[in-house]
Structure formats: structure tokens, C-alpha cells
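For reference, the chains in residue letters:
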Amino acid sequence: MPAPAFEEPPLDCPRCPRLVDFRHDLQGRFPDWKNAPVRSFGKLDAQLLIVGLAPGMKGANRTGRPFTGDYAGDLLYSTLLKFGFAQGTYRADPNDGLQLVDCRIANAVRCLPPENKPLPIEFTACRPFLQSELAAMPKLRILVALGKGAHDQILRALAVRPAGAYPFIHNRLHKLPTGLMLADSYHCSRYNTNTGRLTTEMFHQVFDGVRRALDA
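All values reported here derive from a predicted model rather than from experimental measurement.

What counts, and where the lines are drawn
Residues numbered from 1 in each chain as written. Predicted model: local features only at pLDDT ≥ 70, side-chain atom pairs only at ≥ 80, totals over all residues. Heavy atoms only, no water. Axes fitted to C-alpha atoms, helices over the stretch in contact; angles between N-to-C directions. Helix = DSSP H or I, 4+ residues; strand = E, 2+ residues; numbered from the N terminus. Parallel < 35°, antiparallel > 145°, perpendicular 65-115°, else oblique. Left-handed = near helix turned anticlockwise from the far one by under 90°. Contact = heavy atoms within 4.5 Å. Nonpolar A, V, L, I, M, F, W, Y, C, P; charged D, E, K, R; others polar. Buried < 20%, exposed > 50% of the residue type's maximum accessible area, 1.4 Å probe, protein only. Pairing = 2+ DSSP bridges.

### Here's the deal with the packing of helix α3 (residues 71-82) against helix α7 (residues 200-215)
1) Next: Here α3 crosses α7 at 50 degrees, and the two axes come no closer than 10 Å. Classified by the angle between their axes, α3 and α7 sit oblique to one another. Crossing geometry of α3 relative to α7 is assigned as right-handed. Taking contact as the criterion, the partners of L75, L76, T79, L80 and K82 in α3 are, on α7, T200, F203, H204 and F207.
2) Next: In the contact of α3 with α7, the residues fall into five nonpolar, three polar and one charged.

As C-alpha cells, this is what we get:
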């Protein structure tokens, strides 16, 4: 049976009034930015799906491609290139020609939230997009959660119970009852790397484990 079709949220998605108001404000202040729900990057037949929390203001919200244009993207895409999940050259520009290899990147919340903090009602409103995306990925084997927020939303999207049986632990690879695997990583934000919570080596360890699991 073919995988069900997946439709991204419309560019004028009305589901979350607070996020709509914030989007309209930014459209007036920064008319050359994308300022719209950020579409996922990569093909639906990928075996790996990386899930972040939400777009960054000067990153994906500005450029329109996940993790593109801010520090988090510098670390993420250099890591994907190192472990064979991307090819080309990352230049923090959606037109840089970079391609993902057997990998896709999405966010739990597709629109930019104020202060990078989605509300519970906004997670709930946006969750159907993640659920339908998961259903449309027939070869999916591993998900990488970038941060505890993404971890929690993945478990909710997959209806994994009890969620407490799968705690967020950096570099932990969970085997979920759905048959998928979930790899946890601290978010690759500048804050986490500046404070030493996440080092480049720690981040590489996560993707080294993912690469080994997929190649096994």
C-alpha cells in the first residue's frame, strides 16, 4: 500500500492566533524574510527524520529552510555532511545546492513562536502535520529529537505510552513500541554550545550512533 499523501501547512496557516499575529508583525518589519510556516527539508522516502522544536527567527523563519541561517544550522549541517546524511556545501542559504541523503528535517511547530517558546495549545494544533508526515515516510527507521521538547512531541505524535518509559537522555537510542528508534540529543543551539552543555564531539556521537544503527 502506498504511503498516504502529506501536505505541508499553508503559508497563511490560521491555526494558532498568537503565531499568526507574530508572523504578521514580522512581515511588516522584515518584508524580505519568509515569515511563514517552514516546510520540511529532504525526501519523504528517507530512513532518518530529524525533528527540531520550532523555527529560529533569524534562521529558518528568515530563510525558509530548517536550521538555515543561524548557528544551529552551522553545527547540524556540518555534522550531516560528516556522517554522509548530506552532500554539497552548506552556505546558510537555501539556494546553496545542499542536498540531504536518506535524511529529512522537520519541526514540531512549523511557525516561529515568540521567544522560541511554543505554547501547549500550539503544539497540539501543529501536531497533525508531524503525524501525517510520519505516516507518509514508508522507509522511516530512526528519528533524532533535537532537545527535550522535540522528544516529547515525537512521543505524542506516535502515541507512545507510557512516555515516561522513554526519558530524554542525550545520546540515548530508544527502541519504541512502534518499531522505530528515537535518538536524543541536546539541541545544537549556540546557548548549549557556549555553556558547554553540548560539544561538537557530543553531537557527533549521536549521529555516529545513528549512522551505525542504519548501516547495521
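### Some words on unusual backbone geometry
Glycine aside, the phi torsion of most residues is negative, and most peptide linkages are trans.
1) Next: Look at the link from R161 to P162: it is a cis peptide, with omega at -10 degrees.
2) Next: Structurally, P162 is set in the loop between α5 (148-157) and β7 (173-175).
3) Next: In the Ramachandran plot, A92 falls in the positive-phi region, its phi being about 60 degrees despite a non-glycine side chain.
4) Next: Examined against the element boundaries, A92 turns out to sit in the loop between β3 (86-87) and β4 (99-100).

### Brief notes about the environment of A92
1) Next: Look at A92 and you get partly exposed, because its relative accessible area is 29%.
2) Next: Placed 18 residues apart in sequence, A92 and D74 show a C-alpha to C-alpha distance of 7.4 Å.
3) Next: Residue contacts for A92: discarding those within four places in its chain leaves T63, T68 and G69.

### Here's the deal with the pairing of strand β2 (residues 48-52)
1) Next: Extensive coverage of β2 is indicated by the burial of five of its five residues.
2) Next: Burial along β2 is two-sided: L48, I50 and G52 facing one way and L49 and V51 facing the other are all buried.
3) Next: Both β2 and strand β5 (residues 103-107) contribute to a ladder of five bridges, which runs parallel. What sits directly across from L48, in β5, is C103.
4) Next: Of the pairings in the sheet, the one linking β2 to strand β6 (residues 142-146) comprises four bridges and is parallel in character. Paired with L49 across the two strands is L143, which belongs to β6.

### A closer look at the pairing of strand β8 (residues 181-185)
1) Next: The buried fraction of β8 amounts to five of the five residues, a majority that puts the element mostly inside the structure.
2) Next: Along β8, one buried face is formed by M181, A183 and S185 and the opposite face, lined by L182 and D184, is buried too.
3) Next: With five bridges joining them, β6 and β8 adopt parallel strand pairing. In the strand pairing of β8, V144 is matched with A183.
4) Next: Of the pairings in the sheet, the one linking β7 to β8 comprises three bridges and is antiparallel in character. What sits directly across from H174, in β8, is L182.

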